[in-house]
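Structural overview
Chain by chain, the residues run as shown.
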Amino acid sequence: MSAPSLDELFESARTGNRRALGRLLTLVERQDDNAVIVSERAHRDAGQARVIGVTGAPGSGKSTITGRLAAVSGAARPAILAIDPSSPLTGGAILGDRIRMDNNVSSSTFIRSMATRGHAGGLAVAVPDAVRVLDAAGCDPIIVETVGVGQVEVTVAAAADTTVVVVTPGWGDAVQANKAGLLEVADIFVVNKADRPDARGARRDLELMLDLGHQGDWRAPIVLTTATEGEGIDDLWSEIERHTSYLHHSGELIRRRCRRRRSEVADRIELGLRDRALRIIDHQSGESAMVRVERHELSPAAAAEQLLATLIPDNPPKE
Ligand SMILES: Nc1nc2c(ncn2[C@@H]2O[C@H](COP(=O)(O)OP(=O)(O)O)[C@@H](O)[C@H]2O)c(=O)[nH]1
Ligand SMILES: [Mg+2]
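Here goes a summary of the coordinates provided. Keep in mind that this is a model prediction, so the values were computed, not measured. (Residues numbered from 1 in each chain as written. Chains lettered and ligands numbered in written order. Predicted model: local features only at pLDDT ≥ 70, side-chain atom pairs only at ≥ 80, totals over all residues. Heavy atoms only, no water.)

Re the packing of helix 2 (residues 18–30) against helix 3 (residues 33–45)
Two elements in contact, helix 2 and helix 3, have axes whose closest approach is 7 Å; the angle formed by their N-to-C orientations is 125°. Between helix 2 and helix 3, the angle falls in the class oblique. The chirality of how helix 2 crosses helix 3 is left-handed. Contacts from Leu 24, Leu 27 and Val 28 of helix 2 reach helix 3 at Asn 34, Ala 35 and Val 38. (Axes fitted to C-alpha atoms, helices over the stretch in contact; angles between N-to-C directions. Helix = DSSP H or I, 4+ residues; strand = E, 2+ residues; numbered from the N terminus. Parallel < 35°, antiparallel > 145°, perpendicular 65-115°, else oblique. Left-handed = near helix turned anticlockwise from the far one by under 90°. Contact = heavy atoms within 4.5 Å.)

Written out as structure tokens, the structure reads:
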């Protein structure tokens, strides 16, 4: 039997065939030439699904919340994309998450883990493509779980229509979230592990920070949850729905998606330029700038300036 064509894969994925969907995701995850074609094809049909980002520190309960959310959404075909920051060698973490989710997740939920393998830049472009494929396959909502620690992770987390930031009770957790830049990207806060002491204290800290920093016409609500018991998850889902309708009515959905597309294209240009820069550096012949840098005749800055001029003209193209 011959391998199915891309059209056939998309067709099956749309009817709910998990294996076909998995194959398409593997193609975009690799980010090779095929990925470009898959992405192109997916982009045509994408734009229907609600994309919800769930982020926070490791162990805060993101996976437990995500699994429960998919279940209470009542959606026919929810999908979970878990971005795992661990290397493939510690794949146990992925498995652990999967099992934890499976315990609370209905069988209609499609779950996929994506390992970052240390390619922070690659992650920024692979995730939007994976979301695009899930969207084109008819999954909705698409819940993306990321660890909100570094700049890239926060950026990826914010690449959603609605971003949920999870914190847990305990001194300074809200402050940590603030430092990581999570406060600015949060549309909704969750104080999870509300079964522990001082969940109200954590809420108070967040309220105070919001009082100081809040701007615009949406103030992030704070929901207390005990995800392991499923407590508060209905409330969280209601707030997500309220935010979705705010996005629609305010026109913010269109603006956000535009901004997202814009930074996705910029991210790709950046990656592409770096690739090309390395190729140019490695393939110069004769008295190359690099050779002169090695001889200490030319500074790296001056070499970069020279090579840059061969890469792009000095002035941006005129309208
Ligand atoms: N006590 C308590 N434990 C929780 C709660 N939610 C999650 N956990 C536990 O916290 C640990 C980490 O949860 P997980 O969902 O994997 O967190 P993640 O790393 O953010 O995805 C697991 O042992 C969970 O069972 C909660 O509401 N209360
Ligand atoms: Mg997790």
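Further notes follow.
Re the sheet that holds strand 6 (residues 188–191)
Pairing is parallel across the open sheet formed by seven strands, whose spatial order is 3-2-4-1-5-6-7. Strands at the two margins of the open sheet, each flanked by one partner only, are strand 3 (110–115) and strand 7 (222–224). Adjacent strand axes in the sheet meet at a mean angle of 20°, parallel and antiparallel pairs treated alike. Note: strand 5 (residues 162–167) against strand 6, four bridges, orientation parallel. Counted as the bridge partner of Val 166 is Val 190 from strand 6. (Pairing = 2+ DSSP bridges.)

Observations concerning the side chain of Arg 41
For Arg 41, the location among the structural elements is in helix 3. Judged by its relative accessible area of 13%, Arg 41 is buried. Among the polar contacts made by the side chain of Arg 41, one reaches the side chain of Asp 7 at a distance of 2.8 Å. Those residues within four positions of Arg 41 in sequence are excluded, and the remaining contacts are Asp 7, Phe 10 and Arg 14. (Buried < 20%, exposed > 50% of the residue type's maximum accessible area, 1.4 Å probe, protein only. Polar contact = N/O pair within 3.5 Å; in protein donor to acceptor, adjacent residues only side chain to side chain.)

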